[in-house]
Amino acid sequence: MRFEPIAEWAELAARVPARLPDHPVVPGRPIRRFAREPALRGATGAEAIEDLYRRYWTMKGCSAPVMREWTGHGIATELRIEQQLGLSGRRQIERYGVAGFNRLCRASAPATMTPQDVEAVWGTLKQLYERGLLREEERVSPWCPRCGTALAGHELARSYEETEDLGLYVRFPLLTGPLAGQADLLIWTTMPWTLIPATLAVVGPGLAYVLATGGRAGDRPVVLAAGRVAPALGEGARVLREVPVCELEGARYRAPFGFVGPGSADDPDGDPSSWRFVVADGFVKPDEGTGIVHTGAAYGPDDMRVARRHGVPVVKPVGPDGRFDARTGPYAGLYIRDADDPITRHLRAAGLLVHSRAHRHAFPFCVYCRTPLHYAAAPGWHLGPDAGNGWTVSRERYWGTPLPLWRCGSCGHTIAIASRAELGALAGADLAGLDPHRPYVDEISFACASCGGAMTRVPGVTDAWYDAGARHARHPEPLDLACGSRSWLYSVDTVARLVSGRDGHRHALRPPASAPRDGGGQVCDVSRWAMFDEPDTAGRTLRTVWNTAVFFVTYAGLAGWTPRTATGRTVTGRTVTGRTVTGRTVTGRTVTGRTVMDRWVLARLAETCARADAALSGFDPAAAARCLALFTDDLSNWYVRRCRERFWAGRDEAAFATLHTCLVTLAGLLAPFAPCLAAELHEKLAFPPDPAEPDPARVTSPVHMTQYPRPDPGARDGELCSAMALARRLTSLGRDARAAAGIPARQPLRRATVTVPAAERARLIGLREVVEGELNVKAVEFGEPPGRRVTVKPDFRALGREFGSRTRDVAAAIAAADPERLLARLGRDGSVELRGFPVRRAHLQLAETPAAGWQLSADGPYAVAVDTSMDRGLRLEGLAREFTRLVNDLRKRQGSRPGEPVALAVEVVRDPDGELAAFLEDHRAAIARGAYADPLTIGSGPSHGPGEPELLALAGGQLHVRLSRTGARARP
């Protein structure tokens, strides 16, 4: 076994496929269906989630086939071709030719919908049409003037951007009612162009209105909401009187423009009183504008609703391209958002402009071309329980599923078609070879069954979002997991409910917004891991796994240990000649000599297997990643660190077998998340090469084809895990105490005293050696630190929150109490009454000090005190350990391999206290063993031989050290 440390993760990706290949469905295995939003092809987040769950389900014994995507239809594809051809908008596309345009759209997306796919969508639309769920109606929808089509309301969820528009305060002079000729309505708008088709003025039925003058209004009074006087009119405004809503309702007003509508030059015979009057409706907001809203029936959902309720005519002076039509005089041909300046100039000249200012707000933009949207009324086809509610599924575009609706030009009879065969039967032609896209399907007509007139296709194509939903709606079962944007998930669910009466998916995950992109879907393990764990720690977690494996392989190689040498058999996947590899056995032979650390890490491994599996099966990959990251930290920074001398010794089979089990199992747990790293670990660890002893039974199936790791029930030990967690908490306190005393970690100390609640003391007895080793003390004692004194002070912040003005009285009671008795009673009862006040532990601040020569660190009922006194023997042992570290650092700088013997010669140069020579003599064997020094020469040698000796500083003295490689074989 041999690992070469890697410089870049890309080296792994070059050797191991980062995406799971497709596998056939295996009869008898449960099938797991995953779907990813087609628009997310190449999006790292979505593709990583898909790949993760296909790997996981495969390892769980399920079939997880690749579901062919439907891609290419829709405005996004059309826009790419428009940009390629230098076109913009529907008119230029039609001049270019729909056939040629769609041919380029098809070529740009070779994985697009086939005729059979189009027929599948037709089938769902026919079903909905015949059930009355697909209806035609003129309704107000978001409209893109560049694309020339309506958009679905759910597409707006990701289309808003912060932008700045011109806000105008405008007068509407009252023509009728009690205030006729005396006052004006004051309205506010951030879309000045809507003043041209202004339909109604709307007030809130529950709002208070006033007549005000002064400020920006000058001498001419205006009517507005009482709460908006100061924001709208500014300083100097004054209220003359209240104006009840009933005084305003029904009053007619004069709009700033009269180009269109009843009574205009466009409609001279129309009744001017049929529109432009005041109505009340609840959509008016009291905290915005002036509390009076003007509406244009064709240009807002609320506007249309209110206009229909009051029978007001709908005028539409704006074309599909967002430009005013010829009826609007000087504004004809002007793009609506370019009309702000001329409209403002007109209002100012007419004396109708009270104030103008820039206004920042969230505004919708087209999700495809980023053009500002506006609402507009247009005929279209809509889904929903009734014609006025639901989803606009038709698009006035070209590259998409054509609406399968044919209508008679004479009598209006309309039918839906489900297939080319059905269409051919009606047309009396064989249409099996027909491309059911525009313009070819537009050419098919047939006789009306009702009147004999010509039936032609209704213009338009379906929303590509509907296509995405219909892809899965006809399947008998929901998707097990869907991954995509909110709009795509909405599509999948909505179509499935309408068509099949069920949800579209059982579980959904949205890809991380910050995930990097890679056009080929080949993303390195670190990037994948960062999607589910903290991005800043992703590389550290996986490198820790790799470095732990390198450590294992290095020292297992030095010791000559492999699973084969341990058992005579090769580990193959998750089984060994039919026997499962468990935490306590390797290939059928019980490993003896397990230490408490071995049993603990195997218990943590079993716990991690169970938690990671539960998190993934519960569709929470982030929780699974956190679980694996915690185990990786435990394995490296606690198990390996505490047991490293067992590996250095090279004779502890239990240590090698335990770490091997952990790493092989961890490779399986990581396989869905980090496929490259997991495959490399599994290949090197589960299948150690041994050319000298070929094994025909050796199976080299990749980790992704093995069984997902299951927890070993015999290894689970919740009590041990809990006890080890307590031991680690205590050692953390002990390290804090050493640091506070300024004592280096390698300096041994005589003893430490550990204080824990009596009920928990028994749990630590078996871990005493672990605590001693981590704290680097000769002995651990349980009990109170010698001379420990506790000072109790009141916590004024905590007292103030609970006792308020009585805080000083409670603090005085605490100060007067005996600290030891107070703490004893609190530990027993949880609360103590002092002078009538209930006092709890949270009300106190504790300061603990040990006797001289001790350093204490405490956390609640837990405390560790270390004996900081040192005799000469302890100091010499500490110097020997520090010297060994310096020599090993020198070994690394000079390129010595781990375990490679070197000749070490040491000479004391300066030794003020005589301790350098003493530790070299007293700890000669330990230094030679720790530095792999053979021979170790003390007192002479560094001044003789090749090269310059290294000068090392230690404890105020200096030593000359020379290392030379002996050429001997590396050993543990």
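Because the structure is a prediction, the values reported are computed rather than measured.

Asker: Sorry, what's going on with the sheet that holds strand β6 (residues 200-203) here?
Answerer: Within a beta sheet, neighbouring strands are joined by backbone hydrogen bonds and run either parallel or antiparallel to one another. Spatial strand order, β10-β6-β11: three strands in an open sheet with mixed pairing. Looking at the sheet topology across the chains shown, the edges are occupied by β10 (278-280) and β11 (292-295). On average, adjacent strands in this sheet sit at an angle of 35 degrees to one another, irrespective of strand direction. Pairing of β6 with β11, which is carried by four bridges, proceeds in the antiparallel orientation. When the bridges of β11 are listed, A201 appears paired with H294.

Asker: Is there a simple way to think about the sheet that holds strand β14 (residues 391-392) in this case?
Answerer: Across the sheet, four strands lie side by side as β3-β2-β13-β14; this open sheet has antiparallel pairing. Each edge of the open sheet is held by one strand with a lone partner, namely β3 (149-150) and β14. Pairing between strand β13 (residues 374-383) and β14: two bridges, direction antiparallel. Within β14, the residue paired with L383 across the bridge is W391.

Asker: In this structure, what is going on with the packing of helix α27 (residues 872-893) against helix α28 (residues 915-922)? I would like to understand it.
Answerer: The contact between α27 and α28 brings their axes to 9 Å, and the two run at 80 degrees. Viewed along their axes, α27 and α28 adopt a mutual orientation that is roughly perpendicular. Facing α27, whose interface residues are R872, R875, L876, L879, A880 and F883, α28 presents E915, A918, F919, L920 and D922. Per-class residue counts for the contact of α27 with α28 are seven nonpolar, no polar and four charged.

Asker: How should the pattern of salt bridges be read in this particular structure?
Answerer: Side chains that carry opposite charge are capable of pairing whenever their charged atoms lie near each other. With the rule as written, the count across this model stands at 54 salt bridges. Salt bridges linked by common partners bring R604, E607, R611, D634 and R728 together as one network.

Asker: Help me out: how do you make sense of the pairing of strand β19 (residues 454-457) in this one?
Answerer: Regular strands place their side chains on alternate faces of the sheet. Side chains M455 and R457 of β19 all project onto a buried face; the interleaved residues A454 and T456 project onto a face where none is buried. Relative to β19, strand β16 (residues 405-408) runs antiparallel, the two being bridged by three bridges. From the neighbouring strand, C408 faces β19, where its bridge partner is M455. Judged from the two bridges that link them, strand β18 (residues 446-447) and β19 form a sheet pairing that is antiparallel. Bridging from a neighbouring strand, A447 pairs with A454 of β19. Between the antiparallel neighbours β18 and β19 lie six residues, among them G452 with a positive phi of about 85 degrees.

Asker: Would you mind showing me how to read the packing of aromatic side chains here?
Answerer: When we look at a pair of aromatic rings, we describe it by the centre distance and by the angle of the planes. Scanning the entire structure with this criterion turns up 29 aromatic pairs. Taking 5.9 Å as the distance between ring centres and 25 degrees as the angle between the ring planes, the aromatic pair formed by F257 and F259 counts as stacked. For F257, a relative accessible area of 3% puts it in the buried group. When the centroid spacing of 5.0 Å and the interplanar angle of 50 degrees are considered together, the rings of F551 and Y555 count as tilted. Taken together, the positions of F551 and Y555, both in helix α15 (residues 535-559) and four residues apart, correspond to about one turn of that helix. Judged by relative accessible area, which is 17%, F551 ranks as buried. Its relative accessible area of 11% is what places Y555 among the buried residues. Clustering of aromatic rings is evident, with ring pairs tying together F551, F552, Y555, W561, F647 and F656. For R276, the ring lying beneath its charged end belongs to W275, and the centroid distance is 4.1 Å. Above the face of the F363 ring, R337 is positioned so that its terminal group lies 4.8 Å from the ring centre.

Asker: Would you mind showing me how to read the side chain of T731 here?
Answerer: Among the structural elements, T731 can be located in helix α21 (residues 718-741). Looking at T731, the relative accessible area reads 1%, which means it is buried. If we ignore the near neighbours within four places in the chain, the residues touching T731 are W638, V771, E774 and L775.

Thresholds, definitions, all that
Residues numbered from 1 in each chain as written. Predicted model: local features only at pLDDT ≥ 70, side-chain atom pairs only at ≥ 80, totals over all residues. Heavy atoms only, no water. Pairing = 2+ DSSP bridges. Helix = DSSP H or I, 4+ residues; strand = E, 2+ residues; numbered from the N terminus. Axes fitted to C-alpha atoms, helices over the stretch in contact; angles between N-to-C directions. Parallel < 35°, antiparallel > 145°, perpendicular 65-115°, else oblique. Contact = heavy atoms within 4.5 Å. Nonpolar A, V, L, I, M, F, W, Y, C, P; charged D, E, K, R; others polar. Salt bridge = Lys/Arg side-chain N within 4 Å of Asp/Glu carboxyl O. Buried < 20%, exposed > 50% of the residue type's maximum accessible area, 1.4 Å probe, protein only. Phe/Tyr/Trp six-rings, centres within 6.5 Å; stacked < 30°, edge-to-face > 60°. Lys NZ or Arg CZ within 6 Å of the ring centre and 35° of its normal.

Worth remembering: the numbers are spatial, not functional.
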